[in-house]
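Descriptive structure summary
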Amino acid sequence: MRAALTIERLTAGYPRRPVLRDLSLPPLSAGGVTALTGPNAAGKSTLLKALAGLVKAEGRVLYGDVDLLRLPLAARADLVGFMPQALPQGVALSVLESVVAAFEAARPDALADADATRRAVATLDRLGIADLALDGLDQLSGGQRQLVSLAQALVREPRLLLLDEPTSALDLRHQVTVMEAARSLAAEGRTVVVVLHDLNLAARWAERVVVLDHGRVAANGTPAQALTAETLAAVWGVAARIAPDPGGIPHVVVEGALDTARADPAGAASPSRNTTAA
Ligand SMILES: Nc1ncnc2c1ncn2[C@@H]1O[C@H](COP(=O)(O)OP(=O)(O)OP(=O)(O)O)[C@@H](O)[C@H]1O
């Protein structure tokens, strides 16, 4: 199935703490990567968790013509792979055991052990971390843990893949490994949504960028449409220059915080420090 993901009037959050209210998004098509970005606490993780069935949600989330919110959890787990921001600590498993367990947790009836193991090794190999297979999860560096968490989400080859900041702890080479993997999974017909704070990584690798702010969609479109100086001022409260690189991909240079953060979307306020978008 090569289906688009459409969100209609999604309301989601935590007990006594609604985060997303009536959020709608036009179809996110399969075949490309969608970057989901926005300031801290904008609701990005909550959105992914709502799609994965991990927080209470109302509205409609259509994958093709299937409403994910009305699918039994086991069927949804088969369709949706979710990579959380952090793996739990204190799990006494090897890397390989943890990836096999992630596979079997969602499909207990599926393959014989040897096939599950072969699938897990192939997934580790795809991410360039087969050499970590026998290491204990608790021996890993932050970046290695992030790659293993991604392997756990990928091993079932879900149609819809939701990755929450998969590159935040990674060095440059591994960022590319992960974004290449995201792109090639999308090219296989999957829908891939990746939370990224790095706007230049988003612009380089995503076909579509959705900016969330205070639980609402503040911008949505191609990187050039969504990542404008006006949006960066209004949503992040920073003064930025956007210059296309020679390949036409927008490059974001953040020049500083606006003194009147969010009050001056036109960028008239003067920047107070110099930084470059990470
Ligand atoms: N388990 C929880 N219970 C109650 N409130 C929560 C819970 N998790 C998150 N929140 C709140 O929901 C809001 C949105 O959080 P969320 O994690 O979705 O933001 P985010 O955009 O992913 O942020 P970040 O970029 O910092 O990871 C925040 O105000 C946060 O405090």
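- An unreviewed UniProt entry annotates the chain as ABC transporter ATP-binding protein of Rhodoplanes azumiensis.
- Under the heading Sequence similarities (unreviewed entry), UniProt records this for the chain: "Belongs to the ABC transporter superfamily."

1. Some remarks on the side chain of T231
- For T231, the location among the structural elements is in helix α9 (residues 229-236).
- When residues no more than four places from it in sequence are discounted, the contact partners of T231 are V211, A219, A226 and W236.

2. Brief notes about the sheet that holds strand β3 (residues 33-37)
- Judged by pairing direction, the sheet is mixed, and its six strands sit side by side in the order β6-β7-β8-β3-β9-β10 without closing on themselves. If you trace the sheet from one side to the other, it starts and ends with β6 (80-83) and β10 (216-221), each paired once. Sheet twist, expressed as the mean angle between neighbouring strand axes with direction ignored, is 15 degrees.
- Both strand β7 (residues 160-164) and strand β8 (residues 191-195) contribute to a ladder of five bridges, which runs parallel. Opposite L163, over in β8, you have V194 as the bridge partner.
- With respect to the sheet, helix α1 (residues 44-52) is in contact with β3, β6, β7, β8 and β9 (208-213), its orientation differing from that of β7 by roughly 150 degrees.
- Contacts from α9 reach β3, β9 and β10 within the one sheet, and its direction differs from that of β9 by about 30 degrees.

3. Considering the site of the ligand
- Around the ligand, a shell composed of 14 residues is seen, among which A41, K44, S45, T46 and Q85 lie nearest.
- Across the complex, the protein chains shield 67% of the 640 Å² of accessible surface that the ligand would expose by itself.
- For the shell around the ligand, the secondary-structure elements that each account for two or more residues are β2 (17-28) and α1.
- Residue contributions to the shell around the ligand peak at three residues, all from α1.
- Along the lines of polarity and charge, the residues of the shell around the ligand split into five nonpolar, six polar and three charged.

4. As for the environment of A41
- Mapped onto the elements, A41 comes out in the loop between β3 and α1.
- Exposure remark for A41: the relative accessible area of 78% places this residue in the exposed category.
- Considering only alpha carbons, one finds A41 and D213, 172 residues apart in sequence, at a separation of 8.3 Å.

5. Here we look at the environment of L69
- Among the secondary structure elements, L69 is positioned in the loop between β5 (66-67) and α2 (73-79).
- Spatially, the C-alpha atom of L69 lies 14 Å from that of G13, the residues being 56 residues apart in sequence.
- In this structure L69 touches L10, A50, A57, E58, G59, R60, V61 and R76, once residues within four positions along its chain are discounted.

6. Topic: the sheet that holds strand β1 (residues 5-14)
- Across the sheet, which stays open at both edges, the four strands sit in the order β2-β1-β4-β5 with antiparallel pairing between neighbours. Looking at the sheet topology across the chains shown, the edges are occupied by β2 and β5.
- In this structure, β1 lies alongside β2, joined through six bridges in antiparallel fashion. Note that in β2 the partner of I7 across the bridge is L25.
- The strands touched by α1 are β1, β2 and β4 (56-63); relative to β1, the strand with the most contacts, the crossing angle is about 110 degrees.

Cut-offs and rules
Residues numbered from 1 in each chain as written. Predicted model: local features only at pLDDT ≥ 70, side-chain atom pairs only at ≥ 80, totals over all residues. Heavy atoms only, no water. UniProt positions renumbered as here; feature names shortened; annotations may be inferred. Helix = DSSP H or I, 4+ residues; strand = E, 2+ residues; numbered from the N terminus. Contact = heavy atoms within 4.5 Å. Pairing = 2+ DSSP bridges. Axes fitted to C-alpha atoms, helices over the stretch in contact; angles between N-to-C directions. Near = heavy atom within 4 Å. Areas by Shrake-Rupley, 256 points an atom, 1.4 Å probe, with all protein chains shown as cover. Nonpolar A, V, L, I, M, F, W, Y, C, P; charged D, E, K, R; others polar. Buried < 20%, exposed > 50% of the residue type's maximum accessible area, 1.4 Å probe, protein only.

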